[in-house]
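# A structural walkthrough
Next come the chains, spelled out residue by residue.
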Amino acid sequence: GAGVSQSPRYKVAKRGQDVALRCDPISGHVSLFWYQQALGQGPEFLTYFQNEAQLDKSGLPSDRFFAERPEGSVSTLKIQRTQQEDSAVYLCASSLKDDGEQYFGPGTRLTVT
Amino acid sequence: GESVGLHLPTLSVQEGDNSIINCAYSNSASDYFIWYKQESGKGPQFIIDIRSNMDKRQGQRVTVLLNKTVKHLSLQIAATQPGDSAVYFCAEAGGSQGNLIFGKGTKLSVKP
């Protein structure tokens, strides 16, 4: 595929469940970003990878959030013991280099009931 | 704190008119600014960017203006079309790693 893909596109979780969100970046893109977008708001930075190294996780809202990119390509954002306030669209973006244009995926809409 | 914000949450224009969407930023250290378009159910789509060493950049039907003196960014869309209806976000980047700080967005509605 030509663009960033994310799966699943929609996820409904019961409060307390764990979820895993997947991001497939554009092939060859070094940098990968995760953002959280609440309804009616702009995306907010969560974490950043350069290849397999997680260089910044300052935006993760709590220790229930964990992200990995073990082989420097696909990334997974995991949320443990989901809470209602975790309901949002989770966006993944990749770029060829650190300060290059970021290409966004369609997002995963997470609803916690 | 440092933030990026927008003056108007909604903008309604007639098809064929020009649109101007404004953005204010507060981090004077930011050196890269981007406008994104987001349609319902989709991720943000890159429109145009500008670096701090420029004050104007033109694309196809779009122009971005940067006024560093008053920390203001604007997006001009010429001959607005119904397909331009979306939410527009400005974003800034100032760190070496490039993570973006987004504003809240302006919803542009184009009336036929």
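Everything that follows concerns the structure shown earlier in this document.
The next subject is the interface of chain A and chain B. The interface is formed by 19 residues belonging to chain A together with 18 residues belonging to chain B. Roughly 1,500 Å² of surface becomes buried between chain A and chain B when both sides are summed, with 49% attributable to carbon and sulfur atoms. At the boundary of chain A and chain B, one finds zero salt bridges. Listed by contribution, the elements that provide at least two residues to the side of chain A that touches chain B are strand E4 (31–37) and strand E5 (44–50) of chain A. Ranked by residues supplied to the side of chain A that touches chain B, first place goes to E4(A) with three residues. When the residues that make up the side of chain A that touches chain B are grouped by side-chain class, the tally is eight nonpolar, six polar and five charged.

Omega for the bond connecting Ser7(A) with Pro8(A) falls within 30 degrees of zero, at -10°, which places this linkage in the cis form. Here Pro8(A) shows up in the loop between strand E1 (5–7) and strand E2 (10–13). Positive phi, close to 65°, is recorded for Arg61(B), a residue that is not glycine. With a relative accessible area of 31%, Arg61(B) lands in the partly exposed category. Even without being glycine, Ala79(B) reaches a positive phi, approximately 50°. Along the chain, the position of Ala79(B) falls in the loop between strand E8 (72–77) and strand E9 (86–93). For Ala79(B), a relative accessible area of 35% puts it in the partly exposed group.

Let us now look at the side chain of Asp56(A). All names here are of chain A. Counting through the fold element by element, aspartate 56 comes out in strand E6 (residues 53–56). For aspartate 56, which is buried and forms no salt bridge, the nearest opposite charge comes from lysine 57, at a distance of 9.3 Å. Among the polar contacts made by the side chain of aspartate 56, one reaches the side chain of serine 58 at a distance of 2.7 Å.

What follows deals with the packing of aromatic side chains. Aromatic rings in a pair are described by how distant their centres are and how their planes are angled relative to each other. Residue and element names in this part refer to chain B. A full pass over the atoms with the stated rule returns twelve aromatic pairs over all chains. Here the aromatic rings of tyrosine 36 and phenylalanine 46 are separated by 6.4 Å at their centres, their planes lie at 85°, and the arrangement is edge-to-face. Within this pair, whereas tyrosine 36 is found in strand E4 (residues 32–38), its partner phenylalanine 46 is found in strand E5 (residues 45–51), the two being separated by ten residues in sequence. Classification of tyrosine 36 as buried rests on a relative accessible area of 1%.

The next thing to look at is the state of the cysteines. Residue and element names in this part refer to chain A. Within this structure, the stated rule accounts for two disulfides over all chains. Disulfide partner of cysteine 23: cysteine 92, at an S-S distance of 1.9 Å. Measuring the twist about the S-S bond at about -65°, one finds the cysteine 23-cysteine 92 disulfide to be left-handed. Remark: cysteine 92 occurs in strand E9 (residues 88–95) and cysteine 23 occurs in strand E3 (residues 19–24); sequence separation between them is 69 residues. Given a relative accessible area of 0%, cysteine 92 falls into the buried group.

All names here are of chain A. Judged by pairing direction, the sheet is antiparallel, and its four strands sit side by side in the order E1-E3-E8-E7 without closing on themselves. Looking at which strands have only one partner, the edges of the open sheet turn out to be E1 and strand E7 (65–68). For this sheet the average axis-to-axis angle between neighbouring strands, irrespective of direction, equals 15°. Two strands pair when backbone bridges link them, and E7 and strand E8 (residues 75–79) are joined in this way by four bridges, in the antiparallel orientation. What sits directly across from phenylalanine 65, in E8, is isoleucine 79.

All right, on to the pairing of E8(B) then. Residues and elements named next belong to chain B. Two elements, strand E3 (residues 19–25) and E8, share six bridges in a ladder whose sense is antiparallel. When the bridges of E8 are listed, serine 19 appears paired with isoleucine 77. Bridge analysis of strand E7 (residues 62–67) against E8 gives six bridges, and the strand direction is antiparallel. Opposite leucine 66, over in E8, you have leucine 73 as the bridge partner.

Rules used in this analysis
Residues numbered from 1 in each chain as written. Chains lettered and ligands numbered in written order. Predicted model: local features only at pLDDT ≥ 70, side-chain atom pairs only at ≥ 80, totals over all residues. Heavy atoms only, no water. Contact = heavy atoms within 4.5 Å. Buried area = accessible area lost by both parts, 1.4 Å probe. Salt bridge = Lys/Arg side-chain N within 4 Å of Asp/Glu carboxyl O. Helix = DSSP H or I, 4+ residues; strand = E, 2+ residues; numbered from the N terminus. Nonpolar A, V, L, I, M, F, W, Y, C, P; charged D, E, K, R; others polar. Buried < 20%, exposed > 50% of the residue type's maximum accessible area, 1.4 Å probe, protein only. Lys, Arg positive; Asp, Glu negative; His and termini not counted. Polar contact = N/O pair within 3.5 Å; in protein donor to acceptor, adjacent residues only side chain to side chain. Phe/Tyr/Trp six-rings, centres within 6.5 Å; stacked < 30°, edge-to-face > 60°. Disulfide = S-S within 2.5 Å. Pairing = 2+ DSSP bridges. Axes fitted to C-alpha atoms, helices over the stretch in contact; angles between N-to-C directions.

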